[in-house]
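Spelled out from the first residue to the last, the chains are:
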Amino acid sequence: MRVALFVTCVNDTLSPRTGQAVVRLLERLGVEVEFPQAQSCCGQPQFNTGYRHETEPLVRRFDAAFADYEYVVTPSGSCAAMVRDNYPRIGAKAAAEGRGQALAEAAGRAVPKTYELTEFLVDVLGVTDVGAWFPYAVTYHPTCHGLRLLGLGERPRRLLERVKGLELRELPGAQECCGFGGTFAVKNAAVSAAMGADKAHAIESTGAGAVCAVDSSCLLHIGGTLARRGSSVRPVHIAEILAATEEEPYA
Amino acid sequence: MSGTSGTYLGMPAFPAAARDAVRNETLRGNLRHATHTIRDKRAKAVAELDDWARLRAAGRDVKERTLRHLDHYLVQLEESVTAAGGTVHWAADAGEANRIVTGLVKRTGRSEVVKVKSMATQEIGLNEALEAEGIRAYETDLAELIVQLGDDRPSHILVPAIHRNRGEIRDIFRAEMGSWGRAAPAGLSDDPAELAEAARVHLREKFLRAEVGISGANFMVAETGTLVVVESEGNGRMCLTLPETLISVVGIEKVVPTWRDLEVFLQTLPRSSTAERMNPYTSMWTGTTDSDGPRAFHLVLLDNGRTDTLADEVGRQALRCIRCSACLNVCPVYERAGGHAYGSVYPGPIGAILSPQLRGIASEVDASLPYASSLCGACYDVCPVAIDIPEVLVHLRERVVEGGEVTRNGERVTIKPAKGHRGERAVMRAARWALDHPGALRAGQRLASRTRRIHPKRLPGPGRAWSDTRALPEVPAESFRHWWQRTRGGAR
Ligand code: SF4
């Protein structure tokens, strides 16, 4: 099977380890991974801040960059949700503004082929035991877009439960937002920081050595908050846990 | 004129008000305790019903269909109410509604009214309008009474005094009850039962003396002309039955077509709001009835921005709201910012999408409300009429930054973007260009990687909003793109 990796701009620029982990993981599972160079950002930050029109070229770019692929896999719950929930809206609004069906058609092509990583593993590949080894206590934060928009449900947890050596610790108030919210983190910095502090406190209370999630942007906020508090808990993307093995351990 | 109540004029923008609230430890504690308790109870009450998803979809559909034919159902309602002995008044805005109600009270020759808790009358600032004409309005809902006695503003739809704890309530009762009527008993403690008893005794003399009652309504049935008030305390029942004259001020979106439609909402509303299977008091009345209840009944149908909101295809879903307050209780932003920061009688997620539509985005606070959310989606999940609040928030953000066509007072007008977004707009345009030119993006990444050793740990200016409480991410030595090219070379 051949898939395109949509790495996302945040991972590309700030967390390349996440993208590398996805490549290693999928290749280990026998999937051929390609990285179309024409890809860019899904447009989520612009769209969610109110700049829908600035997002339109990125919808077209996404469609063109992944035109040759049946599956697009992305290690980001919120970017997958952006494509699935908002690309059709962007297309419909452009059509309603009298600018034709082209964007709606691009969205229509993008939506069915785009999978968040854990969806792709569980639903398409049909695996929950990916042969990973991660001998640490970990707590899992279900990010809002993964939890409520994509409806990832138990998928990440089922994958984590099969990781050898991993001890999964329950996160109190797991379903509560960490307070990142894209530009919310700076536009409403005080509330965002208060939410982040409560999340960090909950994470620390589990005694886990790492907190994992399906989204690097939430992890940047959570990790940044933990670091500023002097906490030793590490933010780790779920892809890095699933990619780690005894032969090639997490470093 | 807009529906802005005088109380809220000059409110600071949401982030500034929220910053102060976040620092207030007592407030944070009160809100956290209250919202988490009711949040958990609601989840249990809803989980009891295996057809919840269908009830929610039915509630959404009934409201959608009604809104689509609102003109029809309102005319039908007017006919039914009139046929049942009531009088219907139409108020285009807050000013008109206040003039109508004030005129009606004056005609009775009375200078006191008792009030059932009502969002619509708060929205129009009725108490202040009555006071200006020498008429005193007594709030009879316990939490509303606490707000009124404390000369405070409501901070929650259902529990307006949610920001107060028991000790604060005792102090307010002791200090203020005397000047409004019967004083609090000596030695009043902060025991909830004692506080409730003090309120009961204080209010009873008001009920018995009152000749005019003022209410809102949760629902109005077009088919029969029946109004419905759903409550927990029984004060509403007193206000609706004891006075000679009853005046109800109700938003036009509260109409439902048939009696049978109540079947859905009388299940979803109590479970969503108080987590009760059924609320203790449901009062229904149809016009007037000889020798039973009020002799005169007036219904004031309030528009105040609702028809304009209805004209917006995405935003109109806000009019489905049945004011259950589940979205407030589950909202992590509301929990920390408190209700007052929203600068309106409608706080929380629903307020963030309703106020900028009913009042427009001309004021600083209204333009900031669509951003008062991390878009976590918890509100949409719990909403019993499935209002996609995050979708509307993003839609309104676009209105704030881009301006565009809106309906105001029935006219299509083009509004300018709100102030203060020029810099952001420039950044977004630049980002659009860079992100659509991966070559430029690559160059930028390379530059960032080369200079990573000299990146600061804290940012100056607006960047402080991030770096004051969060460490900055370290820019890696190599972007993913570069790693791929280096290791996979020619492959795509
Ligand atoms: S928006 Fe929905 S959840 Fe919020 S108060 Fe209205 S009906 Fe309840």
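Conventions adopted
- Residues numbered from 1 in each chain as written.
- Chains lettered and ligands numbered in written order.
- Predicted model: local features only at pLDDT ≥ 70, side-chain atom pairs only at ≥ 80, totals over all residues.
- Heavy atoms only, no water.
- Domains from an automatic or database assignment.
- Contact = heavy atoms within 4.5 Å.
- Buried area = accessible area lost by both parts, 1.4 Å probe.
- Salt bridge = Lys/Arg side-chain N within 4 Å of Asp/Glu carboxyl O.
- Helix = DSSP H or I, 4+ residues; strand = E, 2+ residues; numbered from the N terminus.
- Axes fitted to C-alpha atoms, helices over the stretch in contact; angles between N-to-C directions.
- Parallel < 35°, antiparallel > 145°, perpendicular 65-115°, else oblique.
- Left-handed = near helix turned anticlockwise from the far one by under 90°.
- Near = heavy atom within 4 Å.
- Nonpolar A, V, L, I, M, F, W, Y, C, P; charged D, E, K, R; others polar.
- Expected span 1.5 Å × (residues − 1).
- Buried < 20%, exposed > 50% of the residue type's maximum accessible area, 1.4 Å probe, protein only.
- Arc of directions from axis to C-beta.
- Polar contact = N/O pair within 3.5 Å; in protein donor to acceptor, adjacent residues only side chain to side chain.
- Bend = angle between axes of the 7 residues up to and from the residue.
- Pairing = 2+ DSSP bridges.
- UniProt positions renumbered as here; feature names shortened; annotations may be inferred.

Per an unreviewed UniProt entry, chain B goes by Iron-sulfur cluster-binding protein and derives from Streptomyces chryseus.

Looking at an unreviewed UniProt entry, one finds chain A named Fe-S oxidoreductase and attributed to Streptomyces chryseus.

1. So, the domain arrangement of chain A
Residue and element names in this part refer to chain A. As far as domains go, chain A holds domain 1 (2–124) and domain 2 (137–243). The gap between the C-alpha centroids of domain 1 and domain 2 is 22 Å. Domain 1 puts 28 residues into the contact, and the matching count from domain 2 is 21 residues. Of the roughly 2,000 Å² buried where domain 1 meets domain 2, counting both sides, 62% is carbon and sulfur surface. A per-residue breakdown of the area domain 1 buries against domain 2 is headed by Thr49, Thr118 and Val122, which together make up 21% of the total. The shortest N-O distance in the salt bridge between Arg155 and Asp123 comes to 2.9 Å. Sorting the residues of the side of domain 1 that touches domain 2 by element identifies α1 (9–14), α2 (16–28), α3 (44–49), α5 (77–96) and α7 (117–125) as the ones contributing at least two each.

2. Focus: the interface of chain B and chain A
It is common to report an interface's size as the accessible area lost on association of the parts. Across the boundary between the two partners, chain B contributes 65 residues, which contact 62 residues of chain A. Overall, the association of chain B and chain A removes approximately 5,700 Å² of surface from exposure, summing both partners, and the carbon and sulfur fraction of that is 55%. Scanning the region where chain B abuts chain A turns up eight salt bridges. Among the ionic pairs, Glu176 of chain A bridges to Arg39 of chain B, the shortest N-O distance being 3.6 Å.

3. Quick notes on the packing of helix α16 (residues 348–358) of chain B against helix α19 (residues 389–402) of chain B
Residue and element names in this part refer to chain B. Their axes nearest at 10 Å, the elements α16 and α19 cross at an angle of 40 degrees. One element, α16, and the other, α19, form an angle in the oblique class. At the point where α16 passes α19, the crossing takes the left-handed sense. Residue-level inspection shows Pro349, Ile350, Ala352, Ile353, Pro356 and Gln357 of α16 in contact with α19, the latter providing Ile389, Val392, Leu393 and Leu396.

4. Overview of the site of the ligand
Surrounding the ligand, one finds Cys321, Ile322, Arg323, Cys324, Ser325, Cys327, Ile350, Cys383, Pro384, Val385, Ile387 and Ile389 of chain B. Partitioning the shell around the ligand into residue classes produces ten nonpolar, one polar and one charged.

5. Considering the environment of Gly50 of chain A
Within the secondary structure layout, Gly50 of chain A lies in the loop between α3 and α4 (52–65). Once you skip the residues sitting within four places of it in the chain, Gly50 of chain A turns out to touch Val394, Arg397, Glu398, Val401 and Glu402 of chain B.

6. As for the packing of α4 of chain A against helix α20 (residues 422–435) of chain B
One way to put it is that α4 of chain A packs onto α20 of chain B with a least axis distance of 9 Å and a crossing angle of 10 degrees. If you check the angle between α4 of chain A and α20 of chain B, you find them roughly parallel. Contacts between α4 of chain A and α20 of chain B involve His53, Glu54, Pro57, Leu58 and Arg61 of chain A from the former and Met428, Arg429, Arg432 and Leu435 of chain B from the latter. When its residues are assigned to classes, the contact of α4 of chain A with α20 of chain B shows four nonpolar, one polar and four charged.

7. So, the domain arrangement of chain B
Examined at the domain level, chain B breaks down into domain 1 (1–436) and domain 2 (438–488). On a C-alpha basis, the centroid separation for the pair domain 1 of chain B and domain 2 of chain B is 46 Å.

8. Topic: helix α21 (residues 438–450) of chain B
Here α21 of chain B is 13 residues long and its end C-alpha atoms lie 18 Å apart, about the 18 Å a rise of 1.5 Å per residue gives. Residues Pro438, Leu441, Gln445 and Ser449 of chain B constitute the buried set of α21 of chain B. The arc that holds every buried residue of α21 of chain B, seen down its axis, measures 75 degrees, which confines them to one face. Away from its buried face, by an angle of more than 90 degrees, α21 of chain B presents the exposed residues Leu447 and Arg450 of chain B. Among the structural elements, α1 and α4 of chain A together with α20 and α23 (480–488) of chain B are those in contact with the buried residues of α21 of chain B.

9. Let's talk about the side chain of Thr245 of chain B
For Thr245 of chain B, the location among the structural elements is in strand β7 (residues 245–251). Those residues in contact with Thr245 of chain B, other than ones at most four positions away along the chain, are Thr108, Glu211, Val212, Gly213, Pro294, Ala296 and His298 of chain B.

10. Remarks on the side chain of Thr8 of chain A
All names here are of chain A. Relative to the helices and strands, Thr8 resides in the loop between β1 (2–5) and α1. With a relative accessible area of 3%, Thr8 lands in the buried category. Reaching out from Thr8, the side chain makes a polar contact with the side chain of Asn11 at a distance of 3.2 Å. Those residues within four positions of Thr8 in sequence are excluded, and the remaining contacts are Gln39, Thr74, Ser76 and Cys79.

11. Observations concerning helix α10 (residues 192–209) of chain B
All names here are of chain B. In this model, α10 (18 residues) spans 26 Å end to end at C-alpha, consistent with the 26 Å of a helix rising 1.5 Å per residue. The largest bend in α10 comes to about 25 degrees, at Leu203. Of all the positions in α10, only Leu195, Ala198, Ala199, His202, Leu203, Lys206 and Phe207 are classed as buried. Turning to α10, the residues buried within the fold contact β2 (112–115), β3 (136–139), α8 (142–149), α9 (166–180) and α11 (235–241).

12. Points about the sheet that holds strand β5 (residues 137–140) of chain A
Residues and elements named next belong to chain A. Spatially, the four strands line up as an open sheet ordered β6-β5-β7-β8, and their pairing is parallel. Lying at the two open borders of the sheet, with one neighbouring strand each, are β6 (167–169) and β8 (234–237). Adjacent strand axes in the sheet meet at a mean angle of 35 degrees, parallel and antiparallel pairs treated alike. As defined by bridge partners, strand β7 (residues 210–213) adjoins β8 across four bridges and the pair is classed as parallel. Residue pairing across strands places Val211 opposite Pro235, the latter belonging to β8.

13. Some words on the UniProt feature "domain: Cysteine-rich" (unreviewed entry) in chain A
Residues and elements named next belong to chain A. The feature "domain: Cysteine-rich" (unreviewed entry), as annotated in UniProt, sits at residues 3–83 and 138–222 in this numbering. As annotated, residues 3–83 comprises 57% helix and 11% strand, and the C-alpha atoms at either end are separated by 17 Å. In residues 138–222, helix accounts for 48% and strand for 12%; the two terminal C-alpha atoms are 14 Å from one another.

14. Section: the sheet that holds β1 of chain A
Residue and element names in this part refer to chain A. Reading across from one edge, β2-β1-β3-β4 is the order of the four strands in this open sheet, with parallel pairing throughout. Two strands lie at the open edges of the sheet, namely β2 (32–34) and β4 (114–116), each paired on one side alone. For this sheet the average axis-to-axis angle between neighbouring strands, irrespective of direction, equals 35 degrees. Bridge count between strand β3 (residues 72–74) and β4: three bridges; the pairing is parallel. Paired with Val72 across the strands is Thr114, a residue of β4. On top of the sheet, helix α6 (residues 102–113) reaches β3 and β4; it is set at about 40 degrees to β4, its chief contact.

15. Quick look at unusual backbone geometry
Apart from glycine, the bulk of residues carry a negative phi angle, and the bulk of peptide bonds sit in the trans form. Residue and element names in this part refer to chain B. Positive phi is not limited to glycine here, since Asp151 has a value of about 50 degrees. Note that Asp151 resides in the loop between α8 and α9. Accessibility expressed as a relative area gives 74% for Asp151, which makes it exposed. Phi is positive for Arg323, which is not a glycine, with a value near 55 degrees.

16. Details of the environment of His298 of chain B
Residues and elements named next belong to chain B. On the secondary structure map, His298 appears in strand β10 (residues 296–302). On the basis of relative accessibility, which here comes to 13%, the residue His298 falls in the buried class. Distance in space between the C-alpha atoms of His298 and Ser248 is 6.2 Å, their sequence separation being 50 residues. For His298, the side chain forms a polar contact with the side chain of His89, separated by 2.9 Å.

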